[in-house]
Amino acid sequence: IGTITITGTDSAQFSKGSDTCSSATLTANQTCTLTATFSPTSSGAKSASLSIPSNVATLTVPLTGTGTAAAAQYSTDFSSYTIGVVPSDWTARWATANSSWTVQAGTGIGLKQLQGVQTTDSGRLLSWNQVPTNDANIEILAKVMTHATSGGGFAPITVRASGASQLFDYSAGLGLDGYLYLWKHVNGSYSTIATASFASSGSTWYWTRFRAHGTNLYVRVWADGITEPTSWNIAPPASLDSSITSG
């Protein structure tokens, strides 16, 4: 066997790894191994070929792959925002009366935090204008705290939200009753999708990771200061739902 090479239109998108075949002499029933890696630098279909010369003939093995665009990422620790001011690139949605959102000094990641105060229990949502609203597959990681002393879900994370008087959304949040909740609004009607036992306390930071991919919903929570768990507190099949596909 001669030296094996990668040729073709997108040969730069593929590379050889372990190669015990080039320059090898094989007798009957002997084998060798070669690995090829696909590392696309752009999206779309890619193709190349492995050219394997020998004293008999040159064998050509097709290589194909499809590059996909990397998922966009957005993050903030609110350190660039002015204390005591409503963040200008966030939008209050749904019920906006009897509540306020301002950036305050605190113990958040950037020693600042987005803080909401409300005097009634109607649905409220604050969305970040930097994040596109047309991607149904999304994952949010947030550090949250409540100063409440009792009650159900608090400081929820919301995905696929839409509507005004008739709300649509998936939301996940801890409760001070010993449970993590995953719920939805469809045409303004609330229903619980799944729950998981989780003891939490007021005035304590927790992390929430909420992923929506197709009809699969995943929620993971853990206390600030400990390593993120590898397992999900709520995961399919308990959290399969097809009610809301975008937002």
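Residues numbered from 1 in each chain as written. Predicted model: local features only at pLDDT ≥ 70, side-chain atom pairs only at ≥ 80, totals over all residues. Heavy atoms only, no water.

A.B. asks: How do you make sense of the confidence of the model for the chain when you look at a structure like this?
C.D. replies: Detail in the predicted coordinates should be disregarded across regions flagged by low pLDDT. When the pLDDT values of the chain are averaged, the result is 89; 96% of them are 70 or greater. Between the elements of the chain, mean pLDDT differs from a low of 84, seen in strand E11 (residues 153-162), to a high of 96, seen in strand E16 (residues 216-223). (pLDDT = per-residue confidence, 0-100. Helix = DSSP H or I, 4+ residues; strand = E, 2+ residues; numbered from the N terminus.)

A.B. asks: Got a minute to help me understand the nonpolar core in this structure?
C.D. replies: Across soluble globular proteins, nonpolar side chains have a tendency to be buried as a group. Counting 21 residues, the largest nonpolar core has Tyr170, Leu180, Leu182, Phe210, Leu217, Val219 and Ile234 as its most contacted members. Listed in part, the 8 residues of the second largest apolar core include Ile4, Phe14, Cys21 and Leu50. (Core = buried A, V, L, I, M, F, W, Y, C linked by side-chain atoms within 4.5 Å. Buried < 20%, exposed > 50% of the residue type's maximum accessible area, 1.4 Å probe, protein only.)

A.B. asks: I keep staring at the sheet that holds strand E1 (residues 5-7) and nothing clicks. Help me out?
C.D. replies: Backbone hydrogen bonds hold the strands of a sheet together, and the pairing may be parallel or antiparallel. The 3 strands lie next to each other as E1-E4-E5, forming an open sheet whose pairing is antiparallel. Each of the sheet's edge strands pairs with one partner strand only, and the pair in question is E1 and strand E5 (59-67). Along the sheet, successive strands turn relative to each other by an average axial angle of 30°, direction set aside. Here E1 pairs with strand E4 (residues 44-52) via 3 bridges, running antiparallel. Across the sheet, Thr7 pairs through a bridge with Ser49, a residue of E4. (Pairing = 2+ DSSP bridges. Axes fitted to C-alpha atoms, helices over the stretch in contact; angles between N-to-C directions.)

A.B. asks: I keep staring at the pattern of salt bridges and nothing clicks. Help me out?
C.D. replies: Proximity of charged atoms lets side chains of opposite charge pair with each other. Summed over the entire model, instances satisfying the criterion amount to 7 salt bridges. Residue Lys16 pairs with Asp19 through a salt bridge whose shortest N-O separation is 3.0 Å. For Asp19, a relative accessible area of 25% puts it in the partly exposed group. In this structure, the salt-bridge partner of Arg209 is Glu139, at a minimum N-O distance of 2.6 Å. Highlighted residues: Arg209 in strand E15 (residues 206-213) and Glu139 in strand E10 (residues 138-144), separated in sequence by 70 residues. On the basis of relative accessible area, Arg209 is assigned to the buried category, the value being 16%. Taken together, the shared-partner salt bridges connect Glu139, Arg209, Arg211, Arg220 and Glu228 into one network. (Salt bridge = Lys/Arg side-chain N within 4 Å of Asp/Glu carboxyl O.)

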